[in-house]
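Breakdown of the fold
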Amino acid sequence: MGGVTSLPAGATTDDPDVLAAYSTDRATFCPSGTPRALVRARSVQDVVDTLKWAHANNVPVVPQGTRTGLSGGANAIDGCVLLNVEKLDQILEIDVEEQIAVVQPGVINAALAAAVADKGLYYPPDPGSKDISSIGGNVATNAGGMCCLKYGVTGDFVRALQVVLADGRVMRTGRRTAKGVAGYDLTHLFVGSEGTLGVVTEVTVALRPAAARPLAAVAFFDTTADACRAVADHLGAGFRPPALELMDAATIEAVGKLRDLGFPPGVGAVLIAQSDAGTKAPEELAAFELSARKCAATEVIVSDDPAEADLLMQGRRLVGLALEQYPASLVDDVCVPRRNLAALVDGVERIAASYGVLIATCGHAGDGNMHPTVLFDHSQAEAAQQAFDEVMRLGLELGGTITGEHGVGFLKREWLARELDEAALWSHHQIKQALDPRGILNPGRVINSTATGRGEVDQRSF
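Keep in mind that this is a model prediction, so the values were computed, not measured.

When helices and strands are counted, the protein chain shows 15 helices and 21 strands. A principal-axis box enclosing the C-alpha atoms of the protein chain has dimensions of 70 × 55 × 45 Å. Residues counted as buried form 53% of the 462 residues belonging to the protein chain. Considering only contacts within the protein chain whose residues lie at least 6 apart along the sequence, 72% involve residues at least 24 apart. Accessible surface for the protein chain amounts to roughly 18,900 Å². Of this, 50% is attributable to carbon and sulfur atoms. Here the protein chain carries 39 positive and 56 negative side-chain charges, and the mean point of each set is 5 Å from the other.

See below:
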């Protein structure tokens, strides 16, 4: 078998300290192994050469971007090659007339949004990590964000891809045109596949005309259940705000340690609503206030200043950083039907009390996608894992899904097998076998198939 010297010259290292630094993403409770090499690809050819070598030698490859993921999808496994594409970071084209952009996978989400805004356009997908997460990673996990209630998730904006397959062949999928239905939808087969079917090296995304700077309102409640009722009432009245975000008391307290949000003391929950409807924004926010007060809001503040609205949303975006101040955390990502949102948050509170851990719940209430985060010290690790599992089980019982935007990775692969029916799970394995017959691409993630070294995929878990 060829050694690391067979990998792209100038882009490959086997320095132990460098390998250790690249061996994990931001997930907890996910194992990581010892890789044999790291390839920091500088070109599509580097990706091609790496995969050709790995395919020929039955060596597992773990694709990576900026490693901001929360499911262990970019963690090393023993003997693998880490294939990092964050240096492929060029915006190749912004076509104003067709309202598309063509980018490499290492482009940072916020950088793309800023670049197209300069041309009067808008790229809506905005994960909380938009300042540090890459478009390639967003595509790999089909990331959502705070504005997806109105505009949709990453996959809704992906028009075309360039993908390097497991054996090094380069494939283009999709289209640049606004419409196109020829053949199977291979583009969206790769969206959300988390590097298990191919390595994305170019993304064509749809853009929108620039929206008005949003205004915002914040409503305060004694209980999260009241806030959830307000969500249902406002959406039931026919409104679709770009963002409708919930923070419970534990989350508010954590963020308040980083920044004074000016919230009243003793608040049980807050809802933050946005409107980017221009001259109609005050009307939409007035309707939100009506729904909130109908559902026992103790106070509602409506801002007519876009800068103040930005500050409110910045407070929401601080949640991830605020929760990192605790000794340890385990971030969940559960999406349930909106009618079951109150049952989810009430159930999370019972689970926290049952296991003696703190769970801070916030998230995209408008689409039922919440992020209950178990906060604990290291002596509570077992209880934290049990609480996490109970939240997952509750989400499925409420008709939800195990992940709304963070991906499956390693953390949730066993839960995916519970969510899918037998035919769907079989289909996942068949697709994996067809596109990656030697099982070298991110083995052990999403579905529990691993490389055997015999030119086949171990499906014993199925």
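Structure shown, so let's carry the discussion forward.
What follows concerns the packing of aromatic side chains. Counted according to the given criterion, the structure contains four aromatic pairs. Centroid distance Tyr-122 to Tyr-151: 5.4 Å. Interplanar angle 90°. Geometry classified as edge-to-face. In this pair, Tyr-122 sits in strand β7 (residues 121–122) while Tyr-151 sits in helix α5 (residues 148–151), placing the two residues 29 residues apart along the sequence. Tyr-151 gets classed as buried once you look at its relative accessible area, which sits at 11%. Over the ring of Tyr-22 we find Arg-67, and its NZ or CZ is 4.5 Å from the ring centre. Between Arg-418 and the ring centre of Trp-415, over which it is positioned, the NZ or CZ distance is 4.0 Å.

Attention now goes to the domain arrangement of the protein chain. Under the domain assignment used here, the protein chain contains domain 1 (4–84), domain 2 (91–209), domain 3 (212–325) and domain 4 (326–407). The junction of domain 2 with domain 3 conceals about 870 Å² of combined surface from both sides, 55% of it contributed by carbon and sulfur atoms. It is Met-146, Leu-149 and Lys-150 in domain 2 that bury the most area against domain 3; as a group they hold 73% of the surface buried on that side. The interface formed by domain 2 and domain 3 holds two salt bridges in total. Put simply, domain 2 and domain 3 have three residue pairs in polar contact (both at pLDDT 80 or more) between them. Split into classes, the residues belonging to the side of domain 2 that touches domain 3 amount to six nonpolar, one polar and three charged.

Among the nonpolar cores identified, the biggest contains 57 residues, and Phe-221, Leu-271, Leu-344, Ile-359 and Val-374 are the most heavily contacted of them. For this core, the leading source of residues is helix α13 (residues 381–397), giving seven residues. Residues from two domains meet in this core; each of domain 3 (212–325) and domain 4 (326–407) gives at least three. Residue contacts for Ile-359: discarding those within four places in its chain leaves Asp-248, Ala-250, Val-348, Ile-351, Ala-352, Pro-372, Thr-373, Val-374, Ala-387 and Val-391.

With that settled, consider the UniProt feature "domain: FAD-binding PCMH-type" (unreviewed entry) in the protein chain. Sequence positions flagged by UniProt for "domain: FAD-binding PCMH-type" (unreviewed entry) are, in local numbering, residues 31–210. For residues 31–210, the helix share is 22%, the strand share is 25%, and the end-to-end C-alpha distance is 42 Å.

According to the stated counting rule, one finds 17 salt bridges in the structure shown. The shortest N-O distance in the salt bridge between Asp-276 and Lys-150 comes to 2.7 Å. Of this pair, Asp-276 sits in the loop between β14 (269–275) and α9 (281–294) while Lys-150 sits in helix α5, and the two are 126 residues apart along the sequence. Taking the relative accessible area as the measure of exposure, Asp-276 reaches 9% and is therefore buried. For the salt bridge of Glu-414 with Arg-413, the shortest nitrogen-to-oxygen distance reads 3.2 Å. The buried category is assigned to Arg-413, whose relative accessible area is 16%. It is possible to trace a salt-bridge network through shared partners that takes in Glu-93, Asp-95 and Arg-176.

Our focus in this paragraph is helix α7 (residues 224–236). End to end, α7 covers 18 Å across 13 residues, agreeing with the expected 18 Å (1.5 Å per residue, within 8%). Residues of α7 that are buried: Thr-224, Ala-225, Asp-226, Ala-227, Cys-228, Ala-230, Val-231, His-234 and Leu-235. Its buried side turned inward, α7 meets α5, β12 (215–221), β13 (244–248), β14, α9 and α12 (341–355). One or two positions beyond α7, positive phi appears at Gly-238, with a value near 100°.

In this section: the packing of α7 against α12. Packing of α7 against α12 leaves a shortest axis separation of 8 Å and a crossing angle of 165°. Comparing their axes, α12 and α7 come out roughly antiparallel. Note on packing geometry: the crossing formed by α7 with α12 is right-handed. Along its contact with α7, which presents Thr-224, Ala-225 and Cys-228, the element α12 presents Leu-341, Ala-342, Val-345, Asp-346 and Glu-349. For the contact of α7 with α12, the per-class residue count stands at five nonpolar, one polar and two charged.

Basis of the calculations
- Residues numbered from 1 in each chain as written.
- Predicted model: local features only at pLDDT ≥ 70, side-chain atom pairs only at ≥ 80, totals over all residues.
- Heavy atoms only, no water.
- Helix = DSSP H or I, 4+ residues; strand = E, 2+ residues; numbered from the N terminus.
- Buried < 20%, exposed > 50% of the residue type's maximum accessible area, 1.4 Å probe, protein only.
- Contact = heavy atoms within 4.5 Å.
- Areas by Shrake-Rupley, 256 points an atom, 1.4 Å probe, with all protein chains shown as cover.
- Lys, Arg positive; Asp, Glu negative; His and termini not counted.
- Charge placed at Lys NZ, Arg CZ, Asp CG, Glu CD.
- Phe/Tyr/Trp six-rings, centres within 6.5 Å; stacked < 30°, edge-to-face > 60°.
- Lys NZ or Arg CZ within 6 Å of the ring centre and 35° of its normal.
- Domains from an automatic or database assignment.
- Buried area = accessible area lost by both parts, 1.4 Å probe.
- Salt bridge = Lys/Arg side-chain N within 4 Å of Asp/Glu carboxyl O.
- Polar contact = N/O pair within 3.5 Å; in protein donor to acceptor, adjacent residues only side chain to side chain.
- Nonpolar A, V, L, I, M, F, W, Y, C, P; charged D, E, K, R; others polar.
- Core = buried A, V, L, I, M, F, W, Y, C linked by side-chain atoms within 4.5 Å.
- UniProt positions renumbered as here; feature names shortened; annotations may be inferred.
- Expected span 1.5 Å × (residues − 1).
- Axes fitted to C-alpha atoms, helices over the stretch in contact; angles between N-to-C directions.
- Parallel < 35°, antiparallel > 145°, perpendicular 65-115°, else oblique.
- Left-handed = near helix turned anticlockwise from the far one by under 90°.

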